[in-house]
Amino acid sequence: MPLSRQPLEQGWTLNCARPVGAPTLPDAIPATVPGTVHTDLLAARLIPDPYLDLNEIAVDWVGRCDWRYELDFDWHDDGAANVDLVCPGLDTFAQIVLNGAIVGEIANMNREYRFDVRGLLREGANRLTVLFESAWTRGAALAAQYEPRPNNYPGPANLMRKMACNFGWDWGPTLVTAGIWKPIRLESWARARIAGMRPEVTLEGADGRVRVHVVVEGGEGLTLRASVAGVIVELPVGEVLDLAVPGPAIWWPHGLGSQPLYDLVVELLDEAGAVTDSWGRKIGFRSLRLDTSKDDRGTAFTFIINDVSVYICGANWIPDDCFLPRVTPERYAARIAQAKAANINMLRVWGGGIYETDAFYDACDEAGMLVWQDFLFACAAYPEEGDLPDEIEAEARDNIVRLMPHPSLVLWNGNNENIWGWFDWGWQGVLEGRSWGKGYYLDLLPRLVTDLDPTRPYWAGSPYSGAMDIHPNDPAHGCSHVWDVWNDVGYEHYAGSVPRFCSEFGWQAPPTWATLAQSVHDQPMTPTSPGVWHHQKATIGNDKLLRGLAGHLPLPANMDDWHYATQLNQARAIRFGVEHWRSHRGINMGAIVWQLNDCWPVTSWAAVDGYGRLKPLWYALRAAYHPHLLTIQKRDDGLQVFAVNERTLFWRGPVTVKRVRFDGTVLAEWTHWRLCADRLDIASLAIPADVAVPDNPRDEMLVATMHDSVAHYYFNEDIDLDLPEPLADIAVARDGGEWLVTVTARSLLKELCLFVDRIHPDASVDEMLVTLLPGESRVFRLSCAVELDGEMLAASPVFRCANQLK
């Protein structure tokens, strides 16, 4: 008899089992599974949308109540000897009851639970109940159990195995969820089932190799059959299935090659050869190692894929919604497509969130998007006593095994900032010798990765130098975080260091105007009006936004200027840092910006806001991460032009650098007949002083060109530039269902943006931050559902450029 599955997703109801500050609620609320209590209450119109205005605090009571899910379902005995209730995702503290009998109690949202319920099921009608205890209530009990452990954020997330950012972060709301967040089911099986699968996929020279370790529950005398790429192996249960695949097509990160995927299928056969259970995933063949060798500058941190040293143009990934089941496979694919279109080649799944669903990693496999996966520890000390170590080990085992088939996954990382916290954040005095997680990061997790997934590297933390006797955030060693820029000093200080690999750095800005207007309804709306203020979660974040303008841009005079100036400054800051580090390619081998996405509408470090709209930062990242980057950088002896080449063919051609007055007059010009950057390499030239040194730094700039790549360089910051009044001609034409907008400059236009979401919230544009000299034109492609004309597009706040900030 083959294994069969009965989904238990339809017909659930929800009720409040222990009200804490709750209004009067119905006895039975329709519930969606997978889902959350919040989304069920929202669908029943029993709470306001917590993403709007100050509604977050009005629904705080939801997370403080206990909740009961109930399902009446029919079951019919098919004669199977075993029936399991399989719960891949319960959030977080739950008691499961079937027909009045307690099946089990769980305390971890990050792992799968399986319960034998054969003896509890009844022919015909059955009732399943899942009772969720408030994480706040359990957190209070855990806080009493464990002695104080430092935590950078409110809430007991470091005492339990729940998504840490549920309790709030400096970009996220406090919306403490509960619910059945992944599909739940019954599985019926007779003699045996496949209980675990570990495929080690490697390249050995030109050939692929797949070693499949299969755990079978039951199965004496049965056979396993594995197949991939036309290769088939059959062995008795208990043997390792070893498949050699001659000359497979190689999986590459996007930009370097294609992403061929092969179906790996493993079947459990009875004595007659009938399939009783099966498992299948798509796999890709590629080699991988992390170079952390010592050199004369410190310790390298370089990803080597298929024997190629890959420069990482990355972004940090947080949960894409506070209510996890709302992130569909289509939404994952869309967000990863946005990352890919910005020339991002790695997403770091950050340790304060979740191990993402399979749909995320499937989409990354298909897109050629590398994945750095944190284990779920962030910004806090974690006890190593009580029940926590066993839960952490079980969770890590589950997710290592679940995710290891994915070729996109290239690193297991122990934690986010916890080793740094122990060194620098005053933890040692507070802890007084108590545990803080070191045993997880330096012992348990590396052992599990070595045992379960030996084909992938493990790194103990981000940041981490590679050794506890070297400061964890030493930029000369391993991976580092750069947060003094933004928190303490201006973005010009990015130029003060060259980290071997920067796995976090960032700069804040508000979301797009359409998202701000959709989520905040203050009248008038100002940077400090109640709704805008509430959607800024960073401590003194608005003060830092204004402080970050100092020395660069004038202080904004009104809300429209504040919105544009802070978004522009964010885009400039990140582009400045990335271009500086990429100009040191070879020493620095990667930058992972904080962050790609948001979980709700908020002022944050994201490039894609909480409603999926692109901020100017996204366009700046696309330019800064372009595989052909032309950039002008300061060096000790003057200015140099750099060609940074991340493509697989050499990049060569004449380079021209002009010193130009803002009115377009060419004051000096120099052409070098050929600059050649080899594939995956860098080349540079010193710019002669007669071009590099201005006569009037307030009214001059450099323009470098190499083929279709352009770099601009200003001798002063905007506050010390004599920028002209912006003048332009605008022509509008339809092109099928889109619009072509031609902007011809009649004066210098510095970092021109067309904020078409000011016209219609769903409108979009293909380019931003475009600089045009007098006489130059650019064609913008717009998607907009309403009629457009030149007058509409020429008006502020749609038409914005740096010249307008006075």
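The coordinates are above.
The structure contained in this document is the topic of the report that follows. (Residues numbered from 1 in each chain as written. Predicted model: local features only at pLDDT ≥ 70, side-chain atom pairs only at ≥ 80, totals over all residues. Heavy atoms only, no water.)

1. Some words on the sheet that holds strand β23 (residues 302-305)
Now for step 1: On the basis of which strands lie adjacent, the open sheet formed by three strands has the order β20-β23-β24 and antiparallel pairing. Strands at the two margins of the open sheet, each flanked by one partner only, are β20 (288-291) and β24 (308-310). Direction aside, the axes of adjacent strands within the sheet are offset by 35° on average. (Pairing = 2+ DSSP bridges. Helix = DSSP H or I, 4+ residues; strand = E, 2+ residues; numbered from the N terminus. Axes fitted to C-alpha atoms, helices over the stretch in contact; angles between N-to-C directions.)

2. Quick notes on the pattern of salt bridges
Now for step 1: As enumerated under the stated definition, the model contains 56 salt bridges in all.
Now for step 2: In this structure, Glu187 and Arg185 form a salt bridge, with 2.8 Å as the shortest nitrogen-oxygen distance.
Now for step 3: Given a relative accessible area of 3%, Glu187 falls into the buried group. (Salt bridge = Lys/Arg side-chain N within 4 Å of Asp/Glu carboxyl O. Buried < 20%, exposed > 50% of the residue type's maximum accessible area, 1.4 Å probe, protein only.)

3. Digging into the state of the cysteines
Now for step 1: Counting across every chain of the model gives zero disulfides.
Now for step 2: Cys313 provides the cysteine sulfur closest to Cys364, a residue in no disulfide bond, and the two sulfurs are 16 Å apart.
Now for step 3: Overall, the relative accessible area of 0% leaves Cys364 in the buried class.
Now for step 4: Between Cys784, a cysteine without a disulfide, and Cys753, which holds the nearest cysteine sulfur, the sulfur-to-sulfur distance is 17 Å. (Disulfide = S-S within 2.5 Å.)

4. Observations regarding the packing of helix α4 (residues 329-341) against helix α5 (residues 358-367)
Between two packed helices, both the angle of their axes relative to each other and the distance between the axes serve to describe the pair.
Now for step 1: Here α4 crosses α5 at 40°, and the two axes come no closer than 9 Å. Comparing the axis directions of α4 and α5 gives the class oblique. Between α4 and α5 lies a crossing whose hand is right-handed. Contact residues: α4 offers Pro329, Tyr332, Ala333, Ile336 and Lys340, while α5 offers Ala359, Phe360, Ala363, Cys364 and Ala367.
Now for step 2: The residue makeup of the contact of α4 with α5, split by class, is nine nonpolar, no polar and one charged. (Parallel < 35°, antiparallel > 145°, perpendicular 65-115°, else oblique. Left-handed = near helix turned anticlockwise from the far one by under 90°. Contact = heavy atoms within 4.5 Å. Nonpolar A, V, L, I, M, F, W, Y, C, P; charged D, E, K, R; others polar.)

5. Re helix α15 (residues 616-624)
Now for step 1: Along α15, seven of the nine residues are buried, which leaves the element largely enclosed by surrounding structure.
Now for step 2: Pro616, Leu617, Trp618, Tyr619, Ala620, Leu621 and Ala624 are the residues of α15 that are buried.
Now for step 3: Buried residues along α15 sit in contact with α4, α14 (559-582), β32 (590-593), β33 (628-635) and β43 (764-765).

6. What about the packing of aromatic side chains?
What characterises a pair of aromatic rings is the spacing of the ring centres plus the angle enclosed by the ring planes.
Now for step 1: The tally for this structure, following the rule as stated, stands at 50 aromatic pairs.
Now for step 2: Between Tyr153 and Trp169, the aromatic rings sit 3.9 Å apart at their centres with planes inclined by 25°, giving stacked as the arrangement. Taken together, the residues Tyr153 in the loop between α3 (135-145) and β11 (179-180) and Trp169 in the loop between α3 and β11 connect sequence positions 16 residues apart.
Now for step 3: Its relative accessible area of 18% is what places Tyr153 among the buried residues.
Now for step 4: Aromatic side chains Trp425 and Trp427 sit 5.9 Å apart centroid to centroid with 75° between the ring planes, which places their arrangement in the edge-to-face category.
Now for step 5: Taking the relative accessible area as the measure of exposure, Trp425 reaches 27% and is therefore partly exposed.
Now for step 6: What makes Trp427 buried here is its relative accessible area of 2%. (Phe/Tyr/Trp six-rings, centres within 6.5 Å; stacked < 30°, edge-to-face > 60°.)

7. Quick word on the environment of Phe501
Now for step 1: Relative to the helices and strands, Phe501 resides in the loop between α10 (484-487) and β31 (502-505).
Now for step 2: The residues contacting Phe501, other than those within four sequence positions of it, are Phe301, Phe303, Ile312, Trp372, Gly478, Cys479, Ser480, Asn588, Met589, Gly590 and Ile592.

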